[in-house]
Amino acid sequence: MPPIIRTTELRKVFRSLKRGSGVRGTLKTLFSREYEEKVAVGGVTMSLDAGELVGYIGPNGAGKSTTIKMLTGILVPTSGSIGVAGLTPHAQRSENARNIGVVFGQRSQLYWDLPLRESFELLRAIYDVPRARYNENMKHFAEILEIDAFLGTPVRQLSLGQRMRGDFAAAMLHDPKIIYLDEPTIGLDALAKEAIRTFVERINRERGTTVILTTHDLVDVERLSKRIVLIDEGRIIFDGPLERIREEYGTHRTLVVKLVDGEPDPYAERAELESRIGNVARLKFDRNAISADALIRQVTERSNVTDLSLEEPDLEAIIRRIYTEGYADPASAAT
Amino acid sequence: MIAVRHRPLARRLTPYLAFARTAFVRESTYRIDVFTSVASLVVRVYLLRTVWFALYAQNAAPSGIPLHAIVTYTTVALLMSLVLEVDGTRLIRDKMRDGTIATDLMKPISLPVYFFSEGFGQTCFHALTIVPALILALFIVHVDLPAPSVLAAFALSFVLGYCVNFLLNFIMNSVAFWTLETFAIQLIVRWISDLLGGQIVPLVFFPAGPLQQFVLALPFAAIYSTPLLIYVGTIPPAHYAQAMALQVLWLVVFGAFGALIWRAGEKRIVVQGG
């Protein structure tokens, strides 16, 4: 089966008028026609199979939203090609719109001064969803997202969590093949985040909806996606399974040691004392340099220990490391 | 190959009817607005009646229009303004400012038609206020009721004027694609159209000759003046076709210009990212 989303050497360059600063610069701007070019996306090639759930990760300004805008068809690429479910989004925007659903965490597509239910009715009319299918979907979403309680409330009176749940239902009402989620859990409390994650997980599993998730909250990614695409300065720096990135970059682990009162700092070869607060000492070590087993043996032989625990690195720390150090494939670096 | 979905027209119109219905419902939630607009209309009817009575007492029938006709003209003009002052295309400016135009572009709809149906829904609601406003006005002034054929011609001309007005608003609000702000241009156009549209003073009061001919041919006259002059009989049935042909001409010109400006604005968004 061909991939459902495919981009080849996708580029987007924004051109803006060069602006001077101060009175003189401003006056000069009025007359000059000098342009500045900014490469937002600089040659992105990727493909997604139907039913995949991919985390599209990158720092602010990396080009994530620009890529999503090109995939939805509201931005024309400077060069390169895109295919989404057999269509070219910017050339066939309206047809493409029927295949996709979009949720922006920062922006609602619900109608502000109408009760939530009215927004759904409008979307039903826009996408020409048959009544029976609409009712079925509404029932299903009401069950997962618990939106029943506030269907009659005007959107402007909803809490952020309620509004986001409404936005998710709105984006899925017409059974899109693909759904783009741009920072969907931003600003939500833990409970609402969890409801949203469960919803995304279920539509991906039960309906086979392809999901592209851009987020800063890496817990979203850990919970939901098997594959992540890392983008920085408009280029893909990693594309692969989440485990691989963890294996290659998550080599630093921490052994948390709880000591008997008055015990000196624990010591071990090839491990580094990260901190000591009261009786709790943290030892950082590289999995490739020493095994956890060997380290624990050393520590327990030398110190009086009451408790031990092992901490895996969190994804955020790993990704931060990749951004600062750059990603180099260890397999190719070894040769 | 591009697969074009052929849908029956009725089904393609469904979303726009839904937009209009929603706009109607939303408008009906602002009840205070309705009372104030009807109340201010009644006050204006009274004021203009006073002005015209005073003017006519000084100088009888300046342009061969009898007093009862001018009072009818003014009152009907005010009633028309209840629906003509509705501007559904303000949405363009609002959506450009808050960025929601992007989510709208991701929907399988025509945005200009969406704005029209939005305005139409609001219009339908405000049209309901015409009846109570007219009843109240009838306590103050006498309004002539022309023959049914004249009334029919007025209605047709009014619909044409409504569409010209929509397109004028559409073009002005589309300026927001470039400036995000449309207040200044709207204010200027408003001043000009108040003066040259014949809403307050019938354009036949302009000195007869080239100036009057010129003002009558402007698009502003197509909105208020033409239907009103048909109503009061200044435009005789023999000239209906000619008068409405001019309205249609402006409709076509504005339609073409509106399409151009929309395409350019849309292109700006999809190339520059808004």
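Residues numbered from 1 in each chain as written. Chains lettered and ligands numbered in written order. Predicted model: local features only at pLDDT ≥ 70, side-chain atom pairs only at ≥ 80, totals over all residues.

Undergrad: Could you clarify how one ought to interpret the overall build of chain B in this entry?
TA: A count of helical and extended segments in chain B gives 14 helices and zero strands. What you see for chain B is a C-alpha radius of gyration of 20 Å, in line with the 19 Å of a compact globule of 274 residues. C-alpha extents for chain B along the principal axes are approximately 70 × 45 × 40 Å. In chain B, buried positions account for 35% of the 274 residues. Put simply, 83% of the contacts in chain B that link residues at least 6 apart link residues at least 24 apart. (Helix = DSSP H or I, 4+ residues; strand = E, 2+ residues; numbered from the N terminus. Rg over C-alpha atoms; globule rule 2.2 N^0.38 Å. Buried ≥ 20, exposed ≤ 12 C-beta atoms within 10 Å, placed from the backbone. Contact = placed C-beta atoms within 7 Å.)

Undergrad: Just to check I follow, could you spell out the packing of helix 8 (residues 148-174) of chain B against helix 13 (residues 225-232) of chain B for this structure?
TA: Relative placement of two packed helices is described by the angle separating their axes and the distance separating the axes. Residue and element names in this part refer to chain B. The contact between helix 8 and helix 13 brings their axes to 8 Å, and the two run at 175°. By the angle between their axes, helix 8 is roughly antiparallel relative to helix 13. On the side of helix 8, the interface is formed by Val150, Ala153, Phe154, Ser157, Phe158 and Gly161, while helix 13 contributes Thr226, Pro227, Ile230 and Tyr231. The residue makeup of the contact of helix 8 with helix 13, split by class, is seven nonpolar, three polar and no charged. (Axes fitted to C-alpha atoms, helices over the stretch in contact; angles between N-to-C directions. Parallel < 35°, antiparallel > 145°, perpendicular 65-115°, else oblique. Nonpolar A, V, L, I, M, F, W, Y, C, P; charged D, E, K, R; others polar.)

Undergrad: Explanation requested: the environment of Met70 of chain A in the structure shown.
TA: All names here are of chain A. With respect to the helices, strands and loops of the structure, Met70 is situated in helix 2 (residues 64-72). As for Met70 and Ala149, which are separated by 79 residues in sequence, their C-alpha atoms are 36 Å apart. Residues contacting Met70, with those up to four places away along its chain left out, are Leu10, Lys12, Leu75, Pro77, Ile82 and Pro89.

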